[in-house]
Amino acid sequence: MEKKITVLPGDGIGPEVVASAVRVLQVIGKRFNHTFHLGYATIGGAAIDQHNNPLPDETIEMCENSDAILLGAVGGPKWDHNPPELRPEKGLLRIRKHFDLFANLRPVKAFPSLLDASPLKREVAENVDLMIVRELTGGVYFGEPRMRTENGAIDTTVYSTAEVERIVENAFELARLRGGKLCSVDKANVLETSRLWREVVEAKKKDYPDVQVEHNLVDSVAMKLITNPCHYDVVVTENMFGDILSDEASVITGSLGVLPSASIRGDNFGLYEPVHGSAPEIAGQGVANPAATILSVAMMLQYSFGLKEEAAEIERAVSAVFDDGYFTADLARDGVRILSTNEWTDKVMNEIDTSFVSESIMTTYI
Ligand SMILES: NC(=O)C1=CN([C@@H]2O[C@H](COP(=O)(O)OP(=O)(O)OC[C@H]3O[C@@H](n4cnc5c(N)ncnc54)[C@H](O)[C@@H]3O)[C@@H](O)[C@H]2O)C=CC1
Ligand SMILES: CC(C)CC(=O)C(=O)O
Ligand SMILES: [Mg+2]
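Procedures and definitions
- Residues numbered from 1 in each chain as written.
- Chains lettered and ligands numbered in written order.
- Predicted model: local features only at pLDDT ≥ 70, side-chain atom pairs only at ≥ 80, totals over all residues.
- Heavy atoms only, no water.
- Salt bridge = Lys/Arg side-chain N within 4 Å of Asp/Glu carboxyl O.
- Buried < 20%, exposed > 50% of the residue type's maximum accessible area, 1.4 Å probe, protein only.
- Helix = DSSP H or I, 4+ residues; strand = E, 2+ residues; numbered from the N terminus.
- Near = heavy atom within 4 Å.
- Polar contact = N/O pair within 3.5 Å; in protein donor to acceptor, adjacent residues only side chain to side chain.
- Areas by Shrake-Rupley, 256 points an atom, 1.4 Å probe, with all protein chains shown as cover.
- Nonpolar A, V, L, I, M, F, W, Y, C, P; charged D, E, K, R; others polar.
- Domains from an automatic or database assignment.
- Contact = heavy atoms within 4.5 Å.
- Buried area = accessible area lost by both parts, 1.4 Å probe.
- Arc of directions from axis to C-beta.

1. Here's the deal with the pattern of salt bridges
What the rule picks out here adds up to 24 salt bridges. Residue arginine 87 pairs with glutamate 89 through a salt bridge whose shortest N-O separation is 3.1 Å. Accessibility expressed as a relative area gives 25% for arginine 87, which makes it partly exposed. Relative accessible area serves as the criterion here: at 29%, glutamate 89 is assigned to the partly exposed category. Here aspartate 186 and arginine 198 are joined by a salt bridge, their closest N and O atoms 2.8 Å apart. One end of the pair, aspartate 186, is in strand E8 (residues 181–186); the other, arginine 198, is in helix H7 (residues 192–204), and 12 residues separate them in sequence. Shared partners join several salt bridges into a network, and the residues in it are Arg31, Glu313, Arg316 and Glu351.

2. With respect to the site of ligand 2
All residues in the neighbourhood of ligand 2 are listed as Glu89, Leu93, Arg96, Arg106, Arg134, Asp243 and Val275. Take arginine 96: an N or O atom from its side chain is 2.7 Å from an oxygen atom of ligand 2. At a separation of 3.0 Å, an oxygen atom of ligand 2 approaches a polar side-chain atom of arginine 134. Considered on its own, ligand 2 offers 290 Å² of accessible surface; in the complex 77% of this is hidden by protein. Here the shell around ligand 2 gets three residues from one element, more than from any other, and that element is helix H4 (residues 88–98). When grouped by side-chain class, the residues that make up the shell around ligand 2 number two nonpolar, no polar and five charged.

3. Comments concerning the domain arrangement of the chain
In terms of domains, the chain is made up of domain 1 (1–102 + 259–366) and domain 2 (119–253). On a C-alpha basis, the centres of domain 1 and domain 2 stand 25 Å from each other. Residue-level contacts link 10 residues of domain 1 with 15 residues of domain 2. Here domain 1 and domain 2 share an interface that buries about 1,200 Å² over both sides, 62% of which is from carbon and sulfur atoms. Three residues stand out in domain 1 for area buried against domain 2, namely Lys97, Phe102 and Leu259, and they jointly supply 48% of the buried area on that side. We note a salt bridge from arginine 166 to aspartate 100, for which the minimum N-O separation is 3.0 Å. At the boundary of domain 1 and domain 2, one finds three residue pairs in polar contact (both at pLDDT 80 or more). For the side of domain 1 that touches domain 2, the element with the highest residue contribution is H4, accounting for three residues. Counted by class, the side of domain 1 that touches domain 2 contains six nonpolar, one polar and three charged residues.

4. Regarding helix H3 (residues 57–64)
Since there are 3.6 residues in each turn of an α-helix, residues three or four apart along the chain are aligned in direction. All of the buried residues in H3 are Thr59, Ile60 and Cys63. What you see down the axis of H3 is that its buried residues fit within an arc of 100 degrees, all on one side. When the buried face of H3 is taken as reference, the exposed residues oriented beyond 90 degrees from it are Asp57 and Glu61. Buried residues in H3 make contact with strand E1 (2–10), strand E3 (68–73) and H4.

Here you go:
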């Protein structure tokens, strides 16, 4: 198979974790005989510095001519006081909107070897396997008006019925393929958009008699997700609630550094990025956990290219390296071996292709 991928490293640890994910992609290509053509472009702070635009036209054009996008993360203190249109985060919001990537899938799965890294009790975190389906192109991150007023500021949450219908349908389909349970999360006791959301879920559930549906308010889900995460199978929610709940869910897995995501729209095209941000305080030190971005590549192989065996191989390799007791600094605890971003990536690559390490050992000793 031949595919074109646009790579957008972004800011902070973005370039470091993306470099790892690209190396893993290359080793997968070699082993399974696929050619991945990579084109690099800028987004976020890096794009502001070079083009005075967080999402330059050249970047959009390259993405339009690709089969998928791999993204690191954007943002950092350097640009925190820029005007709203010149913030790195604006580039991310725009690319999601431009490509209509309305469905953000954020799987949360407990790796057995990471259970001791979670602050939760082993019996709470064990066997967690849930999928957060986050609406990605609507809600308060996009609603107008947004502005400063004379005595304050305004943001607006907007959802059309069609926007809610398509994400809810997506979540029902996923629930049907998974454990048959759907939890819809809203704030229907207060928000009009949430009452619309609940009505849409109620109407759609008639088409999915095999899916068990519950409605929960977001504040109580924030609590239950941590006290009883095994209760959940598919969780569907609006943009901002999904953003917040997914970072919270990373506590179950031991680190934000292991949560991948896929942003898709119903055809094969998609954008793949870790759930985490640019972690500026650890950038450039070679200590970031690349697992989330590597696992995002696995999601790309599965969702955009239909390469299930290859995706499963990446997941197996990541899990095996954890099982062998190798971790990055975010997962540090007594008795485990801490590796740098690159060393940990080498271990994953060696799991996939045992000839890889012998090559790197040779270059080390020559
Ligand atoms: N998708 C994106 O590009 C996102 C960008 N951001 C941006 O990132 C910047 C930093 O935001 P924060 O709130 O600090 O969120 P963050 O997700 O960058 O970091 C939160 C915490 O997790 C740690 N962390 C995150 N990823 C890690 C990894 N792979 N390995 C080890 N540790 C990791 C960080 O060191 C920090 O302690 C801001 O400018 C924010 O706007 C935030 C979230 C998403
Ligand atoms: C940086 C924001 C635009 C979004 C965010 O935090 C996320 O998508 O996880
Ligand atoms: Mg976030």
